[in-house]
Every structure is written in C-alpha cells, then in structure tokens.
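# Structural characterization, general
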Amino acid sequence: MRYSLFGVGALAFSFVDPAEARNWSRIYYDTIRSEACVPIGHRVNANIAMVSAFSIHPDREEAVRRGQEGFEFFGYALGALVTKDTVPGRTTLWRDFQRARSEQGFGSPVAAVSTRAPGIGTPEDLNQHLRAFEDSGVDQVIFLQQAGRHRHDDIC
C-alpha cells in the first residue's frame, strides 16, 4: 500500500505516555523520510504534536484539585459523545460524570493525587513531563486545561 503524504504535520489527539509517543513519532518520521512526500504547500512541515493535560501550581495537591477533575471530565465527555445519545441543553453529562467518578472512587483528594494525569502537578513535574515528550521526538505539546468547571482565575 502506498501512502499519499502532503507534509502538513500530525496532531495526535490521544493522551499517550512518552513511550507510546516515541513509537508514534518514529512511525511518523520514518514515513515522512521514506515516502514520496509531495507538500500541499511550499514545503514539508514535518511536525508532530501531542495533547496533554495541564494544571500547574507549586503545591501538587492544589494543581490536582484545580485540574484533575476537568481533565477526567473531558475524557468522559468525549466517550459519552460517541457512546450515548446527547441532547444539548437536556443531557445531564456533568451530573452523570460526577456519579460515575464517585462510583469509581475518584472523588477523594488522596485518590486524585495518586492518579493524577501527566501534565498536572508542580513546575518540576511539568518540566519532567515535557522533557520526556521532547526525548520521544514530539515537536509540540498542546495543553488541555479548559474542561469541566475550572475557574478562570485558576487557569490564568
């Protein structure tokens, strides 16, 4: 099978760890190098981006408090949009998420800190997370922060 490449880059809208990101990056760049890539524009823009959770605070527990629930809601909502009938203004998605989260034991601060998503934590936690992506061959990281009920002041 021959691929038709246009050299526009790739956005991996999946939340993967650096080891998996390394696999995706290798496959992407090997494909760009080995195939006849005819750019859609003036040149090939070989570039791979990953999406990551993001909430940063000097106190890890506070970063988790501000960001983990919204990140979990984002994943829940994506799944619900695919697997459930949703009606704008009528669906109780947030309430359904809260119930599911409670049933799975994710409501407590201790559980949240121990299961926090990469990209949520202290500045040093984020630094390590980004270095791991960089070492994996990822060119860009797009931060997901505005999900759930984040306060604007906390996001800023």
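The text that follows walks through the structure, step by step, so that each part is easy to find.

Rules used in this analysis
- Residues numbered from 1 in each chain as written.
- Predicted model: local features only at pLDDT ≥ 70, side-chain atom pairs only at ≥ 80, totals over all residues.
- Heavy atoms only, no water.
- Helix = DSSP H or I, 4+ residues; strand = E, 2+ residues; numbered from the N terminus.
- Buried < 20%, exposed > 50% of the residue type's maximum accessible area, 1.4 Å probe, protein only.
- Contact = heavy atoms within 4.5 Å.
- Areas by Shrake-Rupley, 256 points an atom, 1.4 Å probe, with all protein chains shown as cover.
- Pairing = 2+ DSSP bridges.
- Axes fitted to C-alpha atoms, helices over the stretch in contact; angles between N-to-C directions.
- Salt bridge = Lys/Arg side-chain N within 4 Å of Asp/Glu carboxyl O.
- Parallel < 35°, antiparallel > 145°, perpendicular 65-115°, else oblique.
- Left-handed = near helix turned anticlockwise from the far one by under 90°.
- Nonpolar A, V, L, I, M, F, W, Y, C, P; charged D, E, K, R; others polar.

What follows concerns the overall build of the protein chain. What the protein chain contains, in helices and strands, is six helices and five strands. Scanning the protein chain from its N terminus toward the C terminus, one meets helices and strands in the order β-α-β-β-α-α-α-β-α-β-α. Scored against the burial criterion, the 156 residues of the protein chain give a buried share of 36%. Taking all contacts inside the protein chain whose residues are at least 6 apart in sequence as the whole, residues at least 24 apart take part in 76%. Summed over all atoms, the accessible surface of the protein chain reaches about 10000 Å², with 53% contributed by carbon and sulfur.

This next bit is on the sheet that holds strand S5 (residues 140-144). Spatially, three strands are ordered S1-S2-S5 in an open sheet, and the strand pairing comes out parallel. Only two strands of the sheet have a single neighbouring strand rather than two, namely strand S1 (10-12) and S5. For this sheet, the mean angle separating the axes of adjacent strands, direction not counted, is 25°. Relative to S5, strand S2 (residues 48-53) is paired through five bridges, and the arrangement is parallel.

Take the pattern of salt bridges next. The full count for this structure, using the stated rule, is nine salt bridges. Note that Glu 62 and Arg 66 form a salt bridge whose closest N and O atoms lie 2.8 Å from each other. You can see Glu 62 and its partner Arg 66 sitting in helix H2 (residues 60-83), four residues apart, about one turn around the helix. Beyond isolated ion pairs, a larger network of salt bridges with shared partners links Arg 60, Arg 116 and Asp 125.

Here we come to the packing of H2 against helix H3 (residues 93-103). Packing of H2 against H3 brings their axes to within 10 Å, and their N-to-C directions diverge by 115°. Overall, the two elements H2 and H3 adopt an arrangement that is roughly perpendicular. Classified by chirality, the crossing of H3 by H2 is right-handed. Within the contact between the two elements, H2 uses Glu 69, Glu 72, Phe 73, Tyr 76, Ala 77 and Ala 80 and H3 uses Leu 93, Trp 94, Asp 96, Phe 97, Gln 98, Ala 100 and Arg 101. Its residues assigned to classes, the contact of H2 with H3 comprises eight nonpolar, one polar and four charged.

Burial runs high along S2: six of the six residues are buried. Sheet topology places S1 next to S2; three bridges connect them, and they run parallel. In the strand pairing of S2, Ala 12 is matched with Met 50.

These figures come from the coordinates and say nothing about function on their own.
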